[in-house]
Amino acid sequence: MKRERATELLREMLDRLDAGERPLDLVDEVYVFGSYARGALDPGDLDVAVVHRTDREFAAELVGAMMSGRDPMAGMKRALKGNKRGIQFQFNQNSDLPAGAEPVLLWKRGDALSDAQARLAAIEPDPDAGRAPRDEMIEQFEGLDRWIPLPVRAQLVEMVTAGAIDIHRVELPDAQPTRPDAIALLARRWKADSPLRRAAGAALRYTEDLAAVTEAVWVQGDPLQRGQSFDLPGTVWINLGWYDFSQLLFRLHRGAQTFEVIRPTRTQPLHALHITVRDAAALPQL
């Protein structure tokens, strides 16, 4: 993307924020970071960080979207950018952005539109800035990074670099588990046509064939066997769309392994990252 195009996308976003239609009435601050913020003339995707509040109505929408396998932030993204492409959003994750991201404030609640427009104009082009390499990338993320939030990539890359974990990328075939408790869980939690059910079923069937997997398996925070301990070595956590990713480090310290299905979908290929502990002593402290 050329800088002129990126600037036009940001101007349009500022107009939408100024109008404040639902759910943009929940947005408190908007930042731009990455290549555009550094002044690059050809920044590629536009990186935008959004700080927002959540009320009861919005929380219900998030839960409904997650339960049906949809992107819970799709409505917020659409309100910010319309039907335009080329913008990568981070929501309420400024503190988790990697070093060097340097978010620049673009808009805050209470601003006059002219104030935000002046901030945008103050981000000057720099012919020497160049386009930044994709942040926090390893081979396992290639082609999937648009569905892996930058803070997630940063945490995983840090642990891989330290030798603490191994990550194996898997393309899951469509399949159903054979364990009766797994079959019962799928039927209990999701409708037959749910992308989450498809993703969970494929992951459960795949993990049945892994030699290191114990009987202790959790799916989206729900154990296959009621009363099951999550402290058993070899426990597998199957997560869909980065559900409860904040608990990853806690689980790794207890010897668990994680199977992250990156993007549950009804028809598209299913990709997963199988994360295992390589050296527990190298894990970041809790």
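Our subject is the structure listed above.
Residues numbered from 1 in each chain as written. Predicted model: local features only at pLDDT ≥ 70, side-chain atom pairs only at ≥ 80, totals over all residues. Heavy atoms only, no water.

Caption draft 1: Main features of the sheet that holds strand 5 (residues 165-172). In spatial order, the strands read 5-10-9-8-6-7; together these 6 strands make up an open sheet with mixed pairing. The sheet is open, and its two borders are formed by strand 5 and strand 7 (222-223), each paired with just one other strand. Across 4 bridges, strand 9 (residues 257-261) lies against strand 10 (residues 270-277) in antiparallel orientation. Among the inter-strand pairings, F259 is bridged to a residue of strand 10, identified as H274. The sheet strands contacting helix 6 (residues 150-161) are strand 5 and strand 10, and the helix crosses strand 5 at an angle near 125°. Of the strands in this sheet, strand 5, strand 6 (217-219), strand 8 (236-240), strand 9 and strand 10 are in contact with helix 8 (residues 195-208), which crosses strand 8 at around 155°. (Pairing = 2+ DSSP bridges. Helix = DSSP H or I, 4+ residues; strand = E, 2+ residues; numbered from the N terminus. Contact = heavy atoms within 4.5 Å. Axes fitted to C-alpha atoms, helices over the stretch in contact; angles between N-to-C directions.)

Caption draft 2: A look at the packing of helix 7 (residues 180-189) against helix 8. Packing of helix 7 against helix 8 leaves a shortest axis separation of 10 Å and a crossing angle of 170°. Compared by their axis directions, helix 7 and helix 8 come out roughly antiparallel. Seen from helix 7, the contacting residues are A182, L186 and A187; seen from helix 8, they are R197, A200, G201 and L204. Tallied by class, residues from the contact of helix 7 with helix 8 come to 5 nonpolar, 1 polar and 1 charged. (Parallel < 35°, antiparallel > 145°, perpendicular 65-115°, else oblique. Nonpolar A, V, L, I, M, F, W, Y, C, P; charged D, E, K, R; others polar.)

Caption draft 3: Up close: unusual backbone geometry. Omega for the peptide link from R22 to P23 comes to 5°, which places this bond in the cis form. As for its position among the elements, P23 is in the loop between helix 1 (3-19) and strand 1 (27-33). The phi angle at N92 is positive, at roughly 50°, despite the residue not being glycine. Looking at where N92 falls in the secondary structure, it is placed in the loop between strand 3 (87-91) and strand 4 (104-108). The partly exposed category is assigned to N92, whose relative accessible area is 39%. A positive phi angle is found at Q220, which is not glycine, with a value near 50°. Structurally, Q220 is set in the loop between strand 6 and strand 7. (Buried < 20%, exposed > 50% of the residue type's maximum accessible area, 1.4 Å probe, protein only.)

Caption draft 4: Spotlight on the packing of aromatic side chains. Using the criterion set out here, one finds 4 aromatic pairs in the structure. Their ring planes at 20° and their centres at 4.7 Å tell us that W218 and W237 sit as a pair that is stacked. Here W218, found in strand 6, pairs with W237, found in strand 8; they are 19 residues apart in sequence, far enough to count as distant. Taking relative accessible area as the criterion, W218 reaches 10% and is therefore assigned buried. The class for W237 is buried, based on a relative accessible area of 6%. Both rings, one in W242 and one in F245, keep their centres 5.6 Å apart while their planes meet at 85°; by these two values the pair is edge-to-face. (Phe/Tyr/Trp six-rings, centres within 6.5 Å; stacked < 30°, edge-to-face > 60°.)

Caption draft 5: Inspection of the pattern of salt bridges at higher detail. Summed over all chains, the structure comprises 15 salt bridges. Between R53 and D28 there is a salt bridge, with the nearest N and O atoms lying 3.0 Å from each other. Placement of R53 in the loop between strand 2 (46-52) and helix 3 (56-68) and of D28 in strand 1 is noted, with a sequence separation of 25 residues between them. R53 gets classed as partly exposed once you look at its relative accessible area, which sits at 37%. Assessed through its relative accessible area of 22%, D28 is described here as partly exposed. Across the salt bridge formed by D111 and R119, the nearest N and O atoms sit 2.5 Å from each other. The partly exposed category is assigned to R119, whose relative accessible area is 24%. Via salt bridges that share partners, R22, D25, D55 and E57 belong to a single interconnected network. (Salt bridge = Lys/Arg side-chain N within 4 Å of Asp/Glu carboxyl O.)

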